[in-house]
Amino acid sequence: MTALLLLLLNVADPLPDAFWCDTINDQIVRFADLNGDRDYLDFREATAFWRQPGASPRDVQARFEDGRTVVYWVDTVLDVVFRGVDEDGDGVLDPDEARPFRSAKELDGSSGPDGIELTDDGAVWWTSDCCQHEGLFRLRDENGDGDADDAGEQRVLVDGQTVAIGEDDGEPVTLGAGSLRRLAPAGNGVLAYAADDDALWRFEDLDDDGDVTGSGESVLFLNPSGKRAELTRSPDFASGSLRELRTKTDTSAGEPTFARLAFLTSMVEDGSLVVYLGTDVAAADYDYSSNAAGEGLNGLIFRAEDRNGDRDANDPGEVELFYDGSKTSWGPYQVQIGGVLGLDAWNGSLFVADIGSSRRQIHELRDVTGNHRIEPGYELREGLFDLSLWGEKEPFPTAHTWVHDLGVVGPGGLASPTFDIVGDGCSFIPEQPRISGEGLAHLDSTAFTCHLSEAGPGRPAFLWMGTDSEQWLWNAPLPYPLDDWGLPGCWLRTNLDRVYAVVTDAEGAASVTPEVPDAPKLLGLVVPMQWVVLEPSTGFVAITAGGMTELVP
C-alpha cells in the first residue's frame, strides 16, 4: 500500500511554478519544473526572476490573468505594491516589466508592506504593519490601466491607525489592526495573522459595501496562543491536546513569547475552506524553538477547518497537527523543517519554504490518504529545490540568501529563461558592467548574442566564452577566486575556450554574436561566458557576473 501511495504522489501533475522572495539579495527567485521530473534541480529551473538593488521584496503571489502569469509582490524598502508581467517572454522581469501597482508611499504615506494575497474576485489585498499607512487594504484595477493608483481603487478595510473592532463569538472586541502581516485567501476575503494578538482574523466584505464592519465580516478565526486573555482561546491549544506554542523563554521584560502561526495558506477541500498554518520559529533559535515541556516548536504545520459553520476554527476538534517537523519529534522517516518561511497551496499539495542552518529548500506535502496528516516517509517529498546542491554554481545570487515567503501558480504560464546570470561581478573602475543574453544558441546559426552594458564609453572589452563551468587549467575548480591575481572579490566562472575583443560604444555597451557550429554532438552543452572590461589609463579592470546559455537544435 505504501509503495502504491508513493507512486501516486510521484506521477501527479508537473510541479507548479514557484517564487520566493530573497530579502538579502533584493530579488525574487522563480522555480519551474521544465523537464517534468517533479523537482526544481535542473538547468534553468531556478533563476533570478526579478532583481533590483536597494529593494526588499517581502511577499509574493501569482495568478493567471488572460492566459498569462501575473506576479504581485510588496516591497518593504521601496514602499510599493508591484505587478510584474513578462511581456517579452524571456523568462525574467525586465525593469520596465515590473511596475508599481500601488505607489503606496507616494499616495498613502509611509507604510511597512508585509503581506499580499489574491482573491477569486480579482482583488489584490495587502497589509502594512508600520508607519503612517497601516492595516489591511484591498486593491482593484477598476479602469484596466494596469495599476490601482486611481481614486477609489484602494479600500482601507482595516485602519491600523484607529481602534478596529472585530467579533469573538459574536461579541465586539478590538483587534491588532496595526500588526496584520501574512494573508491567505478565504473566498472573496482573506485570513490575516495579527502579531499583536498572536491570533488569526477572518475578513470578508459579505454585503459588498466596501468595508468589513458588518456582522460576520471581521471574526476571530483562531487564537492558539492565549496571549490576549480577553480573547477566546482555542480549547485544543488551551487543554494541551495540541502542542503549547509558548516558548520556554520570555522577553527581557518578562513577557511570554510564542511560536507564531504566521505563515498561512488555504485550499478548498470537498467544498470546505481548509487553512494550513506554519510556525515561524527556526530550529537554530535555541532560546525560542522549544516550549517548557521540551517539545520542539519549529516545523509545525497545523490544519484548521470551520466544521460548525460559525466562520472560525476556534472550537473543539477544528484544528489538527498536520505535520510535525520539529527538532524534538522528527525520526528516521521524517524530515525536520528547520524553519517555515513560506507556505502556499496548489492542486491539493502544500509547498513549504524551509530555511535551516545550511540549506534553503522547498518541500511538497500531499495528504494522499486523506487522514488530515502527513505520513512519514511517503507523503512528504523533500528538497524539490535544495540550494546546498548548487554550490558556487548557483543560478542566481545567493550570498546569505534569506527566504521571505513563497508563492505558487500553475505551470506553463511563463517562458523559460534562455540566459542565466550566475554570481556577482566586481569592479575596480567607476562602473559595474552588466552581462545579458538575447536569443537561442541554435546549432549552425548566429541567433544568440551576448551583450555588455554599463561599462563606460570607449573601453576595450573581452568576452570570455568556454565549454566548462566546473574546471579549467590543470583541473582547477570553477568558479576560481582571483584574489591572488590582484583582483580581490572577483571570480572566474568559465574556462577560456574563446576570447572575443571589442570596444564599447558611447553608451558603454558592446555585443558579440558568436557563430555556433553545426555539431550535433554539442547539443545540450551549457556554455559559460563572462565579460572583462579594461580602463587603459589606469590598467584597472571590471568583471561581470557569469552568464550561461545552452546549445539547442
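Whatever comes next refers back to the structure up there.
Before going into details, it helps to say that this report is about the structure given with it. (Residues numbered from 1 in each chain as written. Predicted model: local features only at pLDDT ≥ 70, side-chain atom pairs only at ≥ 80, totals over all residues. Heavy atoms only, no water.)

Along the protein chain, the regular secondary structure elements total three helices and 39 strands. A compact globule built from 553 residues should have a C-alpha radius of gyration of about 24 Å, and the protein chain, at 25 Å, falls within 12% of that. Viewed in the frame of its principal axes, the protein chain has a C-alpha envelope of about 75 × 60 × 50 Å. A total of about 22200 Å² of accessible surface is found on the protein chain, and carbon and sulfur atoms cover 50% of it. Side-chain charges in the protein chain split into 39 positive and 98 negative, and the spacing between the mean points of these groups amounts to 3 Å. (Helix = DSSP H or I, 4+ residues; strand = E, 2+ residues; numbered from the N terminus. Rg over C-alpha atoms; globule rule 2.2 N^0.38 Å. Areas by Shrake-Rupley, 256 points an atom, 1.4 Å probe, with all protein chains shown as cover. Lys, Arg positive; Asp, Glu negative; His and termini not counted. Charge placed at Lys NZ, Arg CZ, Asp CG, Glu CD.)

Residue P479 is reached from L478 by a cis peptide bond, and omega for that bond is -5°. Structurally, P479 can be placed in the loop between β32 (460-465) and β33 (480-481). The phi torsion at D198 lies on the positive side, around 50°, for a residue other than glycine. Its place among the elements puts D198 in the loop between β15 (189-194) and β16 (199-203). What makes D198 buried here is its relative accessible area of 6%. With phi around 55°, N347 is a residue other than glycine that occupies positive phi space. Checked against the element boundaries, N347 lands in the loop between β22 (340-346) and β23 (349-355). (Buried < 20%, exposed > 50% of the residue type's maximum accessible area, 1.4 Å probe, protein only.)

Let us now look at the side chain of D420. Among the structural elements, D420 can be located in strand β27 (residues 420-422). Overall, the relative accessible area of 4% leaves D420 in the buried class. Apart from the residues within four sequence positions on either side, D420 is in contact with F43, R44, T47, G546, G547 and M548. (Contact = heavy atoms within 4.5 Å.)

Right, let's talk about the state of the cysteines for a bit. Tallying each qualifying case throughout the model produces two disulfides. Each disulfide pairs two cysteine sulfurs, and for C130 the partner residue is C131, the sulfurs being separated by 2.1 Å. On the sign convention where negative is left-handed, the bridge of C130 and C131, at about 60° about the S-S bond, is right-handed. The partly exposed category is assigned to C131, whose relative accessible area is 34%. Two residues, C426 and C490, share a disulfide whose sulfurs are 1.9 Å apart. When the S-S torsion is 115°, as for the bridge of C426 with C490, the disulfide is right-handed. Here the residue C426 occupies a position in strand β28 (residues 426-427), and C490 occupies one in the loop between β33 and β34 (491-492), the gap between them amounting to 64 residues. (Disulfide = S-S within 2.5 Å.)

Across the eight residues that make up strand β5 (residues 68-75), a large majority, seven, are buried. Hairpin connection of strand β4 (residues 57-65) to β5: two residues between the antiparallel strands, including D66 at a positive phi of 55°. Bridging between β5 and strand β6 (residues 80-84) involves five bridges; their strand directions are antiparallel. Paired with V74 across the bridge in β6 is V81. Connecting β5 to the antiparallel partner β6 that follows it, the hairpin turn spans four residues, and D79 within it adopts a positive phi of roughly 65°. (Pairing = 2+ DSSP bridges.)

Spatially, four strands are ordered β4-β5-β6-β7 in an open sheet, and the strand pairing comes out antiparallel. A strand with exactly one partner marks an edge of an open sheet, and here the two such strands are β4 and β7 (98-102). The sheet shows a mean angle of 30° between the axes of neighbouring strands, direction not considered. (Axes fitted to C-alpha atoms, helices over the stretch in contact; angles between N-to-C directions.)

Tracing the backbone through its elements, the reader meets D33 in the loop between β2 (27-31) and β3 (46-51). Considered as a pair, D33 and S416 are 383 residues apart in the sequence and their alpha carbons are 9.8 Å apart. What D33 contacts, discounting residues up to four positions off in sequence, is P14, L15, R38, D39, Y40 and E45. Engagement of the side chain of D33 in a polar contact is seen with the backbone nitrogen of G36, the distance being 3.1 Å. Of note is the side chain of D33, whose polar atom sits 3.1 Å from the backbone nitrogen of D37. (Polar contact = N/O pair within 3.5 Å; in protein donor to acceptor, adjacent residues only side chain to side chain.)

With respect to the secondary-structure elements, V274 resides in strand β19 (residues 272-278). Considered as a pair, V274 and D149 are 125 residues apart in the sequence and their alpha carbons are 33 Å apart. Apart from residues lying up to four places away in sequence, V274 is in contact with T265, S266, M267, E269, R303, A304 and E305.

On to the pattern of salt bridges. Considering all chains together, one arrives at 33 salt bridges under this definition. A salt bridge links R182 to D59; its shortest N-O distance comes to 4.0 Å. Of this pair, R182 sits in strand β14 (residues 180-186) while D59 sits in strand β4, and the two are 123 residues apart along the sequence. Across the pair E364 and R381 runs a salt bridge, and its minimum N-O distance is 3.6 Å. One end of the pair, E364, is in strand β24 (residues 360-366); the other, R381, is in strand β25 (residues 380-386), and 17 residues separate them in sequence. (Salt bridge = Lys/Arg side-chain N within 4 Å of Asp/Glu carboxyl O.)

Tracing the sequence through the fold places Q154 in strand β11 (residues 154-159). Relative accessible area serves as the criterion here: at 13%, Q154 is assigned to the buried category. Setting aside anything within four residues of it in sequence, one finds Q154 in contact with R102, D108, W126, H133, F137, R138 and L139.

In this section: the sheet that holds strand β21 (residues 319-324). Spatially, β18-β19-β20-β21 is the arrangement adopted by the four strands of the open sheet, whose pairing is antiparallel. In this open sheet, the two strands that pair with only one neighbour each are β18 (263-269) and β21. Strand-to-strand twist of the sheet, defined as the mean angle between neighbouring strand axes without regard to direction, takes the value 25°. Sheet analysis places strand β20 (residues 300-305) next to β21, joined by five bridges and oriented antiparallel. Within the sheet, the bridge partner assigned to F302 lies in β21 and is L321.

On to the packing of aromatic side chains. Inspection of the entire model under this criterion finds 15 aromatic pairs. Here W50 and W73 contribute two aromatic rings whose centre-to-centre distance is 4.9 Å and whose plane-to-plane angle is 50°, an arrangement assigned as tilted. Of the two residues, W50 is situated in strand β3 and W73 in strand β5; the sequence distance between them amounts to 23 residues. On the basis of relative accessible area, W50 is assigned to the buried category, the value being 3%. For W73, a relative accessible area of 0% puts it in the buried group. Ring-pair connections join several aromatic residues into one group, and the members of that group are W20, F31, Y40 and F385. (Phe/Tyr/Trp six-rings, centres within 6.5 Å; stacked < 30°, edge-to-face > 60°.)

None of the figures reported here should be taken as evidence of function without further support.
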